[in-house]
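Survey of secondary and tertiary structure
Here are the chains, one letter per residue:
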Amino acid sequence: MTGSSTINERKKRWLKLLSGELANRCMFLIEVEDSIKPRPLLWREKKRERIEWISEKYSKQMEMLEWLDDDRIPFLDMLTGTEIFAECFGCQVYLSHDNMPFALPLINSAGDVARLKQPKLEDTPLMYLFEMADELSIFAGKQAVFKLPDIQSPMDVAALIWNKNDFYISLIDEPEAVKTLAGMVKTLMLEFLDEWFIRYGREFIAHFPDYYMQQGLSVSVDEIGVISKEMFKEFFLPELVDLSNHYGGLGIHCCANARHHWESFKMIPNLQVLNLCQPENILAEAYGYFGGRFVQMHSWYEKRPVWEKVSGFPKDSRVVLQLLAENRDEALRVCEKCKIACGRQ
């Protein structure tokens, strides 16, 4: 089987899993440690190093198609920090030498919102991402799938732009100013994403974790842990519904302690994938609570091999397992165990 036919077969499995048509309702991804080269710093100034690293990573993933029979689809890794949209509004970016870059707050009160100008995409730093992606698309070909940059929800980005000491208070005292700022972010985000999908196609690998979608959007919703159910429904839910409707589906990553919002997650139309980063007892509850409503691809915290958990999942659940192997030999061993556990023998 050629690389392109292998990729097409894997895409078909993903689409069947997302639609609920996959008979075994379980897939798995294996990350092989000794194939991973340290990632360069995600600074705009490191554009050349990042392009070279992305190209090399893609080539290695293409080579692994020949020997590792998991469900990974090779991708061009356009991962960024969370700063990319906040920077467009004037936020300074802290460039850490040992971690991801992040935006520093720009405004401190509701009155500051009125002084912000709506950025024009062509005038923003986001354009360097198109420059990178254009070059990578030439390298890998139009058929290559991109990992999306880190897309935070518009309200999450607003919480980066606005000093959080005042932002959360303003959810109560100045809700219209908060919604205005998030609306400005959403306008820029839609302009960027619409152009992205026109240039590189609608299919993508999520920015985290590495699931595939034929269309839609993956988004992080991390600022919801400290707000009430009512605030989620007022501030976050409408924009998530709009994004899902606009792009034809949604995948959500959430690393907040947001158990009290699970009911609201069910209100998002065409939610395709949910990723929660929480302790194991919370994740065990999630599998039962959400069942087969959408694919669940959660983070793992216990040492027990993940393939041993498959038999304990609710029968209607749709699950993606994530594993880390030290080298090729270990990857091949755990791959066989996962194929058996997932009914792919």
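What comes next is a walk through the structure. (Residues numbered from 1 in each chain as written. Predicted model: local features only at pLDDT ≥ 70, side-chain atom pairs only at ≥ 80, totals over all residues. Heavy atoms only, no water.)

Applying the stated criterion across every chain, the model contains 27 salt bridges. Taking the shortest distance from any N to any O, the salt bridge between Arg-199 and Glu-195 comes out at 2.8 Å. Of this pair, Arg-199 and Glu-195 both sit in helix H7 (residues 175-200), four residues apart, which is roughly one turn of the helix. Overall, the relative accessible area of 29% leaves Arg-199 in the partly exposed class. (Salt bridge = Lys/Arg side-chain N within 4 Å of Asp/Glu carboxyl O. Helix = DSSP H or I, 4+ residues; strand = E, 2+ residues; numbered from the N terminus. Buried < 20%, exposed > 50% of the residue type's maximum accessible area, 1.4 Å probe, protein only.)

Most of strand S12 (residues 318-325) sits inside the fold, with six of its eight residues counted as buried. Where strand S1 (residues 26-32) lies against S12, seven bridges are found, and the strand directions are parallel. Opposite Cys-26, over in S12, you have Val-319 as the bridge partner. Bridging between strand S11 (residues 295-296) and S12 involves two bridges; their strand directions are parallel. Note on S12: the bridge partner recorded for Gln-296 is Val-319. (Pairing = 2+ DSSP bridges.)

A few words on the packing of aromatic side chains. The description of two aromatic rings rests on the distance between their centres and on the angle between their planes. Scanning the entire structure with this criterion turns up 19 aromatic pairs. For the ring pair Tyr-94 and Phe-102, a centre distance of 5.2 Å and an interplane angle of 35° mean the geometry is tilted. A relative accessible area of 37% places Phe-102 in the partly exposed class. A ring pair is formed by Phe-130 and Phe-192, whose centres lie 5.1 Å apart and whose planes are at 45°; its orientation type is tilted. With Phe-130 in helix H4 (residues 127-140) and Phe-192 in helix H7, the pair connects residues that are 62 residues apart, well separated along the chain. (Phe/Tyr/Trp six-rings, centres within 6.5 Å; stacked < 30°, edge-to-face > 60°.)

With that settled, the discussion passes to the packing of helix H5 (residues 154-161) against helix H8 (residues 229-247). Interaxial distance between H5 and H8 falls to 9 Å at its minimum, and their mutual angle equals 130°. By the angle between their directions, the pair H5 and H8 is classed as oblique. Residues Pro-154, Met-155 and Asp-156 of H5 lie in contact with H8, whose contacting residues are Phe-235, Phe-236, Glu-239 and Leu-243. Of the residues contributing to the contact of H5 with H8, the split by class is five nonpolar, no polar and two charged. (Axes fitted to C-alpha atoms, helices over the stretch in contact; angles between N-to-C directions. Parallel < 35°, antiparallel > 145°, perpendicular 65-115°, else oblique. Contact = heavy atoms within 4.5 Å. Nonpolar A, V, L, I, M, F, W, Y, C, P; charged D, E, K, R; others polar.)

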